[in-house]
Amino acid sequence: MKNMLTTISNALCRMTGRNVGAQTVSELLVDLSEYVSVTSPPPAPTVALTQRQPPKPPPVRTRAPAEQLVNNQAETDRPGASVVVSRSFADFTSQASFDIKECELHRLEEGPPLKAELTREQGLQYYRVMQTVRRMELKADQLYKQKIIRGFCHLYDGQEACAVGIESGINPSDHLITAYRAHGYTYTRGIAVKEILAELTGRRGGVAKGKGGSMHMYAPNFYGGNGIVGAQVPLGAGIALACQYKGNNQVCVSLYGDGAANQGQLYEAFNMAALWKLPCIFICENNKYGMGTSVERASASTEYYKRGDYIPGIRVDGMDVLCVREATKFAADHCRAGKGPIIMELQTYRYHGHSMSDPGVSYRTRDEIQEVRSKSDPITMLKERMLTNNMASVEEFKEIDIAIRKEVEEAALYATSDPEPPLEELCNHIFSNDAPLEVRGTNPWVTLKSVS
C-alpha cells in the first residue's frame, strides 16, 4: 500500500507541478480530488420551500469501508492500471453537547442552560439557512450597486445567528414582527429567495407583488419589516394581546435595533405588556452601531436588557446560533407560563453599513469589521464546531455552498427578468376583503380601481 501511495503521489507531482506528500489514503484522496474521477453520493436536490419551512439539510452519509477506498489493489499494482477512488465520509457523530456563553440576567433567578444539544441534522439545517441568508444579502448588495435595486436597502449579513436561533426556539405558529432589516426573517418565515429578491427589484413575482420593496415583506404570522423606527414594538405588543385574548398559547417576538431602543413608544409598550402580562418577547438586536454612530455615543445606558426595568431581561451572545436558540426557548417558556413579557438583548454585528447609502467605515474601521469576521462569524463558528466534533465533512459543506450559490443565482435571474407590476395594479390590496373602490391616481384626472 505504501509503495502504491508513493507511486501515485509522484505521478501527481509530475502532472500538477506541485509537491504532493501524501502519507495516508485520506491525504491522497484530497490531492486527487481535482484530477481523478471520484464517485460520491449525489447532492441532495434543491427542494422548493414549503410555507414557513426552511430548507432541509442533505441526508446523513455513511463511511465507505476502508477496503473499498481503492478498489482492486492487486489490479492497480499492474503498470498502466487505472485507479478507481471512492470518496470517504467519516462515521459522523449524530449528536453532540456544546458549552455556550452564560447569559447576563436582570430580575431573574436563573437563566438559559449553559450547554446546548445539537444533532447533525439540526446543524446542517442551521448552516444551510444562515449561509443562504448570507449569500442572498451579498447578491442584494451587488444588485443595488448595479442600480437594479433602488431606494432603501438594509442588509443583514453578520446577524444570521439571530434570525436562525430565534426561529429554532419558537414554533411556526408563533408570531414575529421586526424593523426594516427584514430579509433574513422573511426567509426563515418561509418565503423563497426568488420572491425576496424579486421584491427588492420591484417585480410582480415579489412577496409583496413588487410594491413593498426592501422594508415591507410579509408572510403568515410574520408582520413584516416596519419603516418607522420602533413602531413595530407596540404593534408586537398588540399581537401578543390578541394571543392572550384568544388563549392559543402562542407568543409574539417583537424585534428592534439598538437605535430604536431610545424611542418613547417602546416604554409605553413595555408598561402595558407588564401590566397585562402579555406573552411578548421584546428583542433588541444590538449590532453596536445605529445610523452612523456607536451605541456608546447614542445611549446613556447600553445595557439594553435592563431597559424594561420591571420586566425581566437577558443579554445573549447573538453571534452563536445555539446560544440564541436556548435563550429564545427560555424566553418563550417564560411567556407561555403566564409570567408576562421578557426582554432579550442579542449582542451581534452587521458587516454592511446601516443601509446601502452608508459605507459603514466612517465611524468604525475596516480592521474592526475584519476582526469580527475572523473571530466571531456565526456561520464559521457553527461549521468549525461540527467539523471538530466529526458531525460533518468539508466536502459536505462545499456541496451545500455550491447548491446555495446556484439557488441564489437563479433567484437573481428571476428577479431581473420578471416583469414589473402594471400601473393598473398600483392601488390593489388597500383593503383585504372590501369591494372594489376607485382611488385617485397620479393626477386628479386619473382614477384607478382597487381590488382586494
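Structural data are supplied above this passage.
On a predicted model such as this, the values are computed, not experimentally measured, just so you know.

1. Considerations on the packing of aromatic side chains
Argument step 1. Evaluated as defined, the whole model comprises seven aromatic pairs.
Argument step 2. Plain terms: the ring middles of F270 and F282 are 4.9 Å apart, the flat faces sit at 65 degrees to each other, and that makes the pair edge-to-face. Within this pair, whereas F270 is found in helix α9 (residues 264-276), its partner F282 is found in strand β9 (residues 280-286), the two being separated by 12 residues in sequence. Summarising the burial analysis for this pair, F270 and F282 share the class buried.
Argument step 3. With a centroid separation of 6.4 Å and an interplanar angle of 85 degrees, the aromatic rings of Y289 and Y349 are classed as edge-to-face. Here Y289, found in the loop between β9 and α10 (295-298), pairs with Y349, found in the loop between β11 (342-347) and α12 (366-376); they are 60 residues apart in sequence, far enough to count as distant.
Argument step 4. Taking relative accessible area as the criterion, Y289 reaches 10% and is therefore assigned buried.
Argument step 5. Using a relative accessible area of 5% as the deciding quantity, one classes Y349 as buried.

2. A closer look at the pairing of β9
Argument step 1. Among the seven residues of β9, seven are classified as buried, and the element is accordingly described as predominantly covered.
Argument step 2. Where burial is concerned, the two faces of β9 agree: the one with C280, F282, C284 and N286 and the one with I281, I283 and E285 are both buried.
Argument step 3. In terms of strand pairing, strand β8 (residues 252-257) meets β9 through six bridges, oriented parallel. Opposite V253, over in β9, you have I281 as the bridge partner.
Argument step 4. Handedness of the crossover joining β8 and β9 through α9: right-handed.
Argument step 5. Looking at chain direction, β9 and β11 are connected through six bridges and run parallel. Opposite C284, over in β11, you have E345 as the bridge partner.

Definitions and limits used
- Residues numbered from 1 in each chain as written.
- Predicted model: local features only at pLDDT ≥ 70, side-chain atom pairs only at ≥ 80, totals over all residues.
- Heavy atoms only, no water.
- Phe/Tyr/Trp six-rings, centres within 6.5 Å; stacked < 30°, edge-to-face > 60°.
- Helix = DSSP H or I, 4+ residues; strand = E, 2+ residues; numbered from the N terminus.
- Buried < 20%, exposed > 50% of the residue type's maximum accessible area, 1.4 Å probe, protein only.
- Pairing = 2+ DSSP bridges.
- Right-handed = clockwise from strand over helix to strand, strands pointing away.

So yeah, pure geometry; function would need other evidence.
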